[in-house]
Amino acid sequence: MKMTFKAFAKKLFGAKYERLARTLFLYALIFWGLHAAGWKIEIAPFIRLLTVSVFTAGVMGQALSSEDQAAYMQHMLMVPFERRKFVLSYVAALGAYAILTKTAALLAIVLAVSRQTPLEALECAVCAVHAVLTAAAVFSLKKRWRAGVPWAAAVLAVLFLFGNDAWVIAPLTGSGICAVVLLLRADGYAFYRQKNPKRPASGGHSRHSMGRYFFRYLSCHKNYLTNTAVLWGFAIVLPFFFRQLDIPAAAPVGFAILTLNTPIGILLSCDPALAQAVRFLPGQKKAFFAPYCLFIFLCNITADIIFLCGLQIQNGGVTIMTIGAALFFALQSAVLSVLLEWRRPIRNWKIESDLWHHPRKYIVPACMLLLAGIVGTWPAVTPALLLLLAAEIAALCAAGRY
């Protein structure tokens, strides 16, 4: 079991665990920096435990669903293995990755800015381990994954009702034991995620279409579609937070927040073979980058339209200038995302979850938030942005033509 664990752990953390050491050192610096600042906020125990549980379960689910991890898993399954030891080693390695490289960042911030007792810190650790075990157990159920829905609902109910009590550890421990029992009955092949078979070429298409490629790519990556759907759902409730604010000043902030759609902005980073092929492709601007920019723009503007409809229903006051600002923010974030993918693709990642949580994901939204602050402070800047929007549209049309 120890050797199997090392085989998975070294793939995730590096041959000598150097990646883990660097990550933990960075999180320690973040913790001490925030702690020394003396900035404290009150976080309800229920919110803290719920955040840790949902975040860790999400990271673990992404790690289990990773195509890169599936390819490595295929090689590991070719050698003889003992079923229980293999499953426990695999879950332990991915769980350590999720907790030590992802959840640790969240805990470093939470522990630094809030006052907590050692018992409350222990509750956070129990929630993280429980989330790892339950996510792995539900994933191992394969076609019976729907059984995890009432399980998740029960865990949420426990956190909501008893999250402020110390003995919340007891039901979470019991749930974790149930997850371990399911894992002991699982087989290593239950964690092997086969790639979706490629669709046969349609005889009705006589020429290539990058639009068809992008939408087929999303249809083969359901988690990407889920993330986009969640963002669009957030666009529905976002207007409720802007009820008391001035629409011209608040709308750009909403547009900036809705650009935080990581999966559609990492198509080249997550597929190095595609990136290499695109770089050798003749007429790159026309063949790939102009359609890619349009694809991201369509995803962004859909969220913005939903947001604008909610603003109009809630407060009214949506003007032509506001609609023009939505078009600008959607297109500008698409252009910046494509430029980042071309100039600074993410390399040397170990698993797809690294891409989803890479710090680069915040560069474009941060730039858009900064620009939103400028627009909110000086509304006279908006006409200049619309002129820039027209120039960018003309440039994209020229790139697609030539």
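This text gives an overview of the structure that appears in the document. (Residues numbered from 1 in each chain as written. Predicted model: local features only at pLDDT ≥ 70, side-chain atom pairs only at ≥ 80, totals over all residues. Heavy atoms only, no water.)

**Quick word on the overall build of the chain**
Link 1 in the chain: Scanning the chain for helices and strands turns up 17 helices and zero strands.
Link 2 in the chain: With 402 residues in all, the chain has 43% of them scored as buried.
Link 3 in the chain: Within the chain, contacts between residues at least 6 apart in sequence are counted, and of these 84% link residues at least 24 apart.
Link 4 in the chain: Split by element, the accessible area of the chain, about 21200 Å² in all, is 69% carbon and sulfur. (Helix = DSSP H or I, 4+ residues; strand = E, 2+ residues; numbered from the N terminus. Buried < 20%, exposed > 50% of the residue type's maximum accessible area, 1.4 Å probe, protein only. Contact = heavy atoms within 4.5 Å. Areas by Shrake-Rupley, 256 points an atom, 1.4 Å probe, with all protein chains shown as cover.)

**Describing the packing of aromatic side chains**
Link 1 in the chain: Evaluated as defined, the whole model comprises five aromatic pairs.
Link 2 in the chain: On the basis of an interplanar angle of 75° and a centroid distance of 5.1 Å, the ring pair of F31 and W32 is categorised as edge-to-face.
Link 3 in the chain: Its relative accessible area of 21% is what places F31 among the partly exposed residues.
Link 4 in the chain: Measuring from centroid to centroid gives 5.4 Å for F46 and F160, while their planes differ by 85°, and the two rings are edge-to-face. With a gap of 114 residues between them, F46 in helix α3 (residues 45-65) and F160 in helix α7 (residues 148-162) connect regions that are remote in the sequence. (Phe/Tyr/Trp six-rings, centres within 6.5 Å; stacked < 30°, edge-to-face > 60°.)

**Some remarks on the nonpolar core**
The nonpolar side chains of a soluble globular protein tend to be buried, and buried together.
Link 1 in the chain: The biggest cluster of nonpolar side chains holds 52 residues, and the ones touching the most others in it are F255, Y292, F295, F307 and F329.
Link 2 in the chain: By residue number, the principal contributor to this core is helix α13 (residues 284-314), which donates 13 residues.
Link 3 in the chain: When neighbours within four sequence positions are excluded, F307 is seen to be in contact with A235, L238, P239, F242, A251, G254, F255 and L258.
Link 4 in the chain: Core analysis: the second largest hydrophobic core is formed by 46 residues, L12, L20, V91 and L107 among them. (Core = buried A, V, L, I, M, F, W, Y, C linked by side-chain atoms within 4.5 Å.)

**Observations regarding helix α1 (residues 2-13)**
Link 1 in the chain: Its 12 residues place the ends of α1 16 Å apart at the C-alpha level, agreeing with the 16 Å of an ideal helix rising 1.5 Å per residue.
Link 2 in the chain: Along α1, the residues classified as buried are F8, A9, K11, L12 and F13.
Link 3 in the chain: In the segment just after α1, G14 is the residue with positive phi, at about 105°. (Expected span 1.5 Å × (residues − 1).)

**Focus: a nonpolar patch on the surface**
Link 1 in the chain: Together, F234, I236, V237, F240, F241, I257 and L369 line one region of the surface with nonpolar side chains, adding up to about 630 Å² of accessible area.
Link 2 in the chain: Looking at the nonpolar patch, the element that brings in the most residues is helix α10 (residues 222-237), giving three residues.
Link 3 in the chain: For F234, a relative accessible area of 32% corresponds to the partly exposed category. (Patch = residues over 30% accessible without salt bridge, like charges linked within 9 Å, V, L, I, M, F, W, Y side chains within 5 Å. Salt bridge = Lys/Arg side-chain N within 4 Å of Asp/Glu carboxyl O.)

**Side note on the packing of helix α2 (residues 18-37) against helix α5 (residues 83-113)**
In helix packing, the relevant descriptors are the interaxial angle and the interaxial distance, both defined with respect to the helix axes.
Link 1 in the chain: Contact geometry of α2 with α5 gives a least axis separation of 8 Å together with a crossing angle of 10°. The pairing of α2 with α5 is recorded here as roughly parallel in orientation. Facing α2, whose interface residues are R19, L20, T23, L24, Y27, I30, F31, L34 and H35, α5 presents Y97, L100, T101, K102, A104, A105, A108, I109, L111, A112 and V113.
Link 2 in the chain: Classifying every residue of the contact of α2 with α5 by side-chain character gives 15 nonpolar, three polar and two charged. (Axes fitted to C-alpha atoms, helices over the stretch in contact; angles between N-to-C directions. Parallel < 35°, antiparallel > 145°, perpendicular 65-115°, else oblique. Nonpolar A, V, L, I, M, F, W, Y, C, P; charged D, E, K, R; others polar.)

**Looking at the packing of helix α6 (residues 118-140) against α7**
Link 1 in the chain: One can describe the packing of α6 onto α7 by two numbers: an axis separation of 11 Å at closest approach and a directional angle of 165°. With respect to α7, the element α6 is oriented roughly antiparallel. Every pair of crossing elements has a handedness; the one defined by α6 and α7 is right-handed. Taking contact as the criterion, the partners of C127, H130, T134, A137 and V138 in α6 are, on α7, G148, W151, V155 and L159. (Left-handed = near helix turned anticlockwise from the far one by under 90°.)

Function cannot be inferred from these measures alone, as they are strictly geometric.
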